[in-house]
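# What the coordinates show
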Amino acid sequence: METFGKTPVERGGHSVTVAGSKLIVFGGEDRSRKLLNDVHVFDLQTMTLSAVEATQSPPALRYDHSAAVHSERYLLIFGGGSHSLFFNDLHVFDLQNGQDEENVTDLKSPFKDNKNRMTKR
């Protein structure tokens, strides 16, 4: 099967979610255990991979998080960890505004108190 676009680095601990005819890949860690917080989209109709740039501050580098898509518009990223912390945060990507696959809109966390967002491993 032929695909187009730049293939993301090999990784584990990432998430893959389905939004319409697209697969959204977020975060994880590479073979050297370098943590990632990048976003890639694989369009199943065109078989094209593309990297997506966040327009605001992305979530912290992380792996083993949970992800879901709501209403085929919002990518929700929850929790996960780094090599020394567990996260208890929620980030929301608005996929509709970033539908051109060149950028993802504001990432927001509903937690007002940063003291409850992380715990040490």
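Heads up: the structure comes first, above all this text.
Scope of this entry: the structure provided in the associated data block.

Parameters and conventions
Residues numbered from 1 in each chain as written. Predicted model: local features only at pLDDT ≥ 70, side-chain atom pairs only at ≥ 80, totals over all residues. Heavy atoms only, no water. Phe/Tyr/Trp six-rings, centres within 6.5 Å; stacked < 30°, edge-to-face > 60°. Lys NZ or Arg CZ within 6 Å of the ring centre and 35° of its normal. Core = buried A, V, L, I, M, F, W, Y, C linked by side-chain atoms within 4.5 Å. Buried < 20%, exposed > 50% of the residue type's maximum accessible area, 1.4 Å probe, protein only. Helix = DSSP H or I, 4+ residues; strand = E, 2+ residues; numbered from the N terminus. Pairing = 2+ DSSP bridges. Axes fitted to C-alpha atoms, helices over the stretch in contact; angles between N-to-C directions.

## Examining the packing of aromatic side chains
- Following the criterion strictly, the structure yields one aromatic pair and no others.
- The aromatic ring of Phe-87 is capped on one face by Arg-62, whose charged end is 4.4 Å from the ring centroid.

## Focus: the nonpolar core
- In this structure, Ala-19, Ile-24, Phe-26, Val-39, Val-41, Val-52, Leu-75, Ile-77, Phe-93 and Leu-95 together form the largest nonpolar core, which totals ten residues.
- Mapped by element, the contributors of at least two residues to this core are β3 (22–29), β4 (35–43) and β7 (74–78).

## Some details on the sheet that holds strand β6 (residues 66–70)
- Taken in spatial order, the three strands line up as β6-β7-β9 in an open sheet, and their pairing is antiparallel. Each end of this open sheet is capped by a strand with a single partner; those strands are β6 and β9 (90–94). On average, each strand axis in the sheet is tilted by 20° relative to the strand beside it, whichever way the strands run.
- In terms of strand pairing, β7 meets β9 through five bridges, oriented antiparallel. In the strand pairing of β9, Ile-77 is matched with His-91.

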